[in-house]
Amino acid sequence: MILIVDSGSTKSDWIAVDSNGKQLLEKLRTKGLNPEILSEKKLKKTIKKNEDLNAHKNIVTHVYFYGAGCGTEQGKELVYNVLREIFVNAIIKVDEDTMAAVYGTISRVDEAAVVCILGTGSNCSYYDGKKLHQRVQSLGYILMDDASGNYFGKQLIRDYYFNLMPENIKVAFGSKYNLEADYIKYNIYKQPNPNAYLANFAEFMFLNKDSDYILDLIKNGIRTFVKNYVMQYKEELKTVPVHFAGSIAFFSQDQIKQVAQEMGFVVGNVERRPIEGLVAFHTKNL
């Protein structure tokens, strides 16, 4: 049994397949497994809590794990050690989530492209057909993550408190969420996964896309992301497409295409969840 895992900060998708790519179990889901946010103990607890993973752990031969927070050697090592302890008979490979987005969006294995992630967090890299090149090192959700779920969640809360929302949007936002100051601060400063907490608010945008305020919010966030991330690859953009992965990208693809036209790059594939592409890639390259 081969396990392929696409893990963000909010959730992790697991697919179990055989060597021919045939799915063996229903798609599994656990909470996100970001080693920058969770301790080794919490990572283990999250995986072991899933009954299907526990039941089949001894027959797993390979685990291909792609995760947020695994772009550093320290993050990779922490996740590797956790997986090694649970799946004792498996070959383990851990890589950053950007590579999942690459394999899940490119049309062929040697295709060059700029690949972006817009999910709970955000990222952008250039894949030359063999290797990944990253020109901006992530400093996490507080300082970076432009146009991500947590970025938009933070913008919505700020606009609510600074009275920058249209009144009808403010009323709708206030009725959907608990926006008491103490409750927000408790979740951000006292609870694990504050970035995932903030990202939960982003759903509101996609339920209210008939509002000019919301459309401007989305487009301005994407413009900021493109300016700070995508434009690091100005030369490459002349010859390669820009692929996107993640829920925020999927639900804002019309706005992404509008910004692309404004800023002069070509949008390629947009995938909400790249894990299906990962299955095809790994069963072909075992």
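What counts as what
Residues numbered from 1 in each chain as written. Predicted model: local features only at pLDDT ≥ 70, side-chain atom pairs only at ≥ 80, totals over all residues. Heavy atoms only, no water. Helix = DSSP H or I, 4+ residues; strand = E, 2+ residues; numbered from the N terminus. Rg over C-alpha atoms; globule rule 2.2 N^0.38 Å. Buried < 20%, exposed > 50% of the residue type's maximum accessible area, 1.4 Å probe, protein only. Contact = heavy atoms within 4.5 Å. Lys, Arg positive; Asp, Glu negative; His and termini not counted. Charge placed at Lys NZ, Arg CZ, Asp CG, Glu CD. Axes fitted to C-alpha atoms, helices over the stretch in contact; angles between N-to-C directions. Parallel < 35°, antiparallel > 145°, perpendicular 65-115°, else oblique. Nonpolar A, V, L, I, M, F, W, Y, C, P; charged D, E, K, R; others polar. Pairing = 2+ DSSP bridges. Phe/Tyr/Trp six-rings, centres within 6.5 Å; stacked < 30°, edge-to-face > 60°. Salt bridge = Lys/Arg side-chain N within 4 Å of Asp/Glu carboxyl O.

What follows is about the overall build of the protein chain. In terms of regular secondary structure, the protein chain is built from 13 helices and 10 strands. For the protein chain, whose C-alpha radius of gyration is 19 Å, the value lies close to the compact-globule estimate of 19 Å for 286 residues. With the C-alpha coordinates of the protein chain rotated into their principal frame, the extents come out at 55 × 45 × 30 Å. Here the protein chain, with 286 residues, has 52% of them falling under the buried criterion. Put simply, of all contacts in the protein chain between residues at least 6 apart along the chain, 67% involve residues at least 24 apart. Each charge class in the protein chain can be summarised by its mean position, and for the 35 positive and 33 negative side chains these summaries are 3 Å apart.

Here we take up the environment of Ile4. For Ile4, the location among the structural elements is in strand β1 (residues 2-7). Along the primary structure Ile4 and Trp14 are separated by 10 residues, whereas in three dimensions their C-alpha atoms are 5.7 Å apart. If we skip the residues at most four places from it in the chain, Ile4 touches Asp13, Trp14, Ile15, Val17, Tyr64, Ile275, Leu278, Val279 and His282.

Running from N to C, helix α4 (residues 97-105) and helix α13 (residues 275-284) point in directions that differ by 80°, and their axes come no closer than 7 Å. Accordingly, the angle class assigned to the pair α4 and α13 is roughly perpendicular. Across from Ala100, Tyr103 and Gly104 in α4, the residues of α13 making contact are Gly277, Leu278 and Phe281. For the contact of α4 with α13, the residue count by class is four nonpolar, two polar and no charged.

Another point: the sheet that holds strand β6 (residues 113-118). Read across the open sheet, the five strands follow the order β8-β7-β6-β9-β10; overall the sheet is mixed. With one partner strand each, in any of the chains shown, β8 (132-133) and β10 (267-271) form the two edges of the open sheet. One ladder, built from two bridges, connects strand β7 (residues 122-127) with β8; its direction is antiparallel. Considered in β8, the bridge of Tyr127 is made with Leu132.

For the rest of this paragraph, the subject is the packing of aromatic side chains. What the rule picks out here adds up to 15 aromatic pairs. Here the aromatic rings of Phe173 and Phe204 are separated by 4.9 Å at their centres, their planes lie at 65°, and the arrangement is edge-to-face. With a gap of 31 residues between them, Phe173 in helix α6 (residues 167-176) and Phe204 in helix α9 (residues 203-207) connect regions that are remote in the sequence. With relative accessibility at 0%, the residue Phe173 sits in the buried group. Its relative accessible area of 2% is what places Phe204 among the buried residues.

Pairing is mixed in the open sheet, where five strands are placed in the order β3-β2-β1-β4-β5. Two strands bound the open sheet, and with one partner strand each, they are β3 (28-31) and β5 (91-96). On average, adjacent strands in this sheet sit at an angle of 15° to one another, irrespective of strand direction. With six bridges joining them, β1 and strand β4 (residues 62-67) adopt parallel strand pairing. Within the sheet, the bridge partner assigned to Ser7 lies in β4 and is Gly67.

Moving on, we come to the pattern of salt bridges. Within the structure shown, the criterion is met by 11 salt bridges. Notably, a salt bridge pairs Asp13 with Arg29, separated by 2.9 Å at the nearest N-O pair. Of this pair, Asp13 sits in strand β2 (residues 11-17) while Arg29 sits in strand β3, and the two are 16 residues apart along the sequence. A salt bridge links Lys76 to Glu73; the nearest nitrogen and oxygen atoms lie 4.0 Å apart. Taken together, the residues Lys76 and Glu73, both in helix α3 (residues 73-86) and three residues apart, mark about one turn of the helix. Residue classification places Lys76 among the partly exposed positions, given a relative accessible area of 22%.

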